[in-house]
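Residue strings, one per chain:
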Amino acid sequence: MNNVLLLPGDGIGPEVIAEAKKVLLHLQSEYGLNIELEEALIGGSAYDDAKDPLPDATLELAKQSDAILLGAVGGPKYDAVERELRPEKGLLRIRAELDLFANLRPAILYKSLAGASSLKPELVADLDIMIVRELTGGIYFGQPRGIRTLDNGVRQGFNTLVYDENEVSRIAHVAFRIAQKRNAKLCSVDKANVLEVSELWREVVESVHSGYSDVALSHMYVDNAAMQLVREPNQFDVVLTGNMFGDILSDAAAMLTGSIGMLPSASLDKNDKGMYEPIHGSAPDIAGKNIANPLATILSIAMMLRYSLDKKDLADRVEVAVQQVIANGLRTADIADNHSAIGTSQMGDAVIEALSQ
Ligand code: NAD
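Analysis parameters
- Residues numbered from 1 in each chain as written.
- Predicted model: local features only at pLDDT ≥ 70, side-chain atom pairs only at ≥ 80, totals over all residues.
- Heavy atoms only, no water.
- Domains from an automatic or database assignment.
- Contact = heavy atoms within 4.5 Å.
- Buried area = accessible area lost by both parts, 1.4 Å probe.
- Buried < 20%, exposed > 50% of the residue type's maximum accessible area, 1.4 Å probe, protein only.
- Helix = DSSP H or I, 4+ residues; strand = E, 2+ residues; numbered from the N terminus.
- Pairing = 2+ DSSP bridges.
- Right-handed = clockwise from strand over helix to strand, strands pointing away.
- Near = heavy atom within 4 Å.
- Areas by Shrake-Rupley, 256 points an atom, 1.4 Å probe, with all protein chains shown as cover.
- Nonpolar A, V, L, I, M, F, W, Y, C, P; charged D, E, K, R; others polar.
- Axes fitted to C-alpha atoms, helices over the stretch in contact; angles between N-to-C directions.
- 1 Å grid on protein atoms, 1.4 Å probe; cavity = no way out; pocket = protein on both sides within 12 Å on 5 of 7 lines; lining within 4 Å.
- Points joined across faces, edges and corners; volume = space filled by probe spheres on them.

Thoughts on the domain arrangement of the chain
Note: interface size is frequently given as the accessible area lost on complex formation between the parts. In terms of domain boundaries, the chain breaks down into domain 1 (1-101 + 269-357) and domain 2 (102-264). The distance between the C-alpha centroids of domain 1 and domain 2 comes to 24 Å. At the junction of the two partners, domain 1 supplies 23 residues and domain 2 supplies 27 residues. Here domain 1 and domain 2 share an interface that buries about 2100 Å² over both sides, 65% of which is from carbon and sulfur atoms. A per-residue breakdown of the area domain 1 buries against domain 2 is headed by Phe101, Ile279 and Tyr307, which together make up 37% of the total.

Given below as structure tokens:
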């Protein structure tokens, strides 16, 4: 039995989580998925309830669960709230409290949606890349940092890029294990021609590789990786990189697909416990209208089944069901193009119907 915590959050979060919950309950009743579902508040809804975007009760449930499925947090209603109590702080805190250091961002584009990409359809059809980004270290967290005034009166901003070998090794292990579950190709992205941190990164990744001889490892400088990502994205299978490079490359890769409502993500700890969430935000502009695309959240369930619950068969089933629905021409408004659009709950129902076939 696995405990799964649902955190709907704000805006369209509750709407997309409702559809994901329907899918989980279907997998439970029809495919024997052995889970217990709990639900808790996070973000703005938690602030409204208890003046805290991550209440202790939520954190406690999160610590006890095997996997967490989050909708999204935030909204203009909270713009005036003091920084420490804003919805996004709840998200940052839960990631830090659970030590979710491995961020997995797939960029997948189904053939029939290739027109949505900013690149030519032939370059991106069947795109399927997994970016593994280190999430809790590197320049975003390195000390010292700050803004100081030099002796000559000039102000100077400074940050520190730092990774120790344990941090590199644990994210490298995650990336190699993921590559083993995919096409066994891993490209580690760094800037080893300029940065000592990258020199060490490369050395450690090489040494971790010796335990994964079935995976083909290559290295690429980040500037070249950015170029290759928009030139010939299909050359990549799994990309491993640090926090800042991963931040930038994963957003670029997401945009290659052109459909923010279709992309899931995962953040894992060292035991593969994870928090799963769509990459999109709370979309306040369309909240409460039953028009949000729930597929990113439903695909987050597939990632949860694959990486935290060790249910590859069911993960495949969910992904095939989503492919089927898209191939059948069903579209929410964000990806409708010249199809007529269906609503959030109809899309959830369509996935369940495809799962039943
Ligand atoms: P957003 O992702 O919420 O929305 C960007 C655009 O994409 C909007 O036009 C929106 O309608 C559309 N969109 C997003 N998800 C969609 C879906 N599932 N179906 C159809 N259309 C969809 O980004 P934003 O507008 O910059 O941010 C809105 C709020 O969300 C802010 O408060 C921001 O801080 C928060 N946010 C939260 C997360 C998170 O919870 N992980 C991530 C990003 C932004």
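A few points about the pairing of strand S8 (residues 185-190)
With five of six residues buried, S8 lies mostly within the body of the structure. Pairing analysis gives six bridges linking S8 to strand S9 (residues 216-221), with the strands arranged parallel. For Asp190, the partnering residue across the bridge sits in S9 and is Tyr221. Following the chain from S8 across helix H7 (residues 196-209) to the adjacent parallel S9, one finds a crossover that is right-handed. In this structure, S8 lies alongside strand S10 (residues 238-241), joined through four bridges in parallel fashion. Residue pairing for S10: Leu186 is matched across the bridge by Val238.

Thoughts on the site of the ligand
The full set close to the ligand counts 20 residues, and Val73, Glu88, Gly281, Ala283 and Asn293 are the nearest of them. When the free accessible area of the ligand is taken as 800 Å², the share hidden by the protein chains comes to 67%. Broken down by class, the residue content of the shell around the ligand amounts to nine nonpolar, seven polar and four charged.

Here we look at the sheet that holds strand S11 (residues 264-268)
Ordered in space as S2-S1-S3-S12-S11-S4-S5-S10-S8-S9, the 10 strands form an open sheet in which the pairing is mixed. Strands at the two margins of the open sheet, each flanked by one partner only, are strand S2 (35-39) and S9. Averaged over all neighbouring strand pairs, the angle between strand axes comes to 20 degrees, with direction disregarded. Bridge count for strand S4 (residues 102-108) against strand S5 (residues 128-134) is seven bridges, and the pairing is antiparallel. What sits directly across from Pro106, in S5, is Met130. Most of the contacts of helix H3 (residues 56-64) go to strand S1 (residues 2-9), to which it runs at about 145 degrees, and overall it touches S1, S2 and strand S3 (67-72).

Overview of empty space enclosed by the protein
Using the criterion set out here, one finds one cavity of 30 Å³ or more in the structure. Of the volumes computed, that of the largest cavity is approximately 30 Å³. In terms of lining, the largest cavity is formed by Ile131, Val189, Ala225, Leu229, Phe236, Val239 and Leu249. When the residues that make up the lining of the largest cavity are grouped by side-chain class, the tally is seven nonpolar, no polar and no charged.

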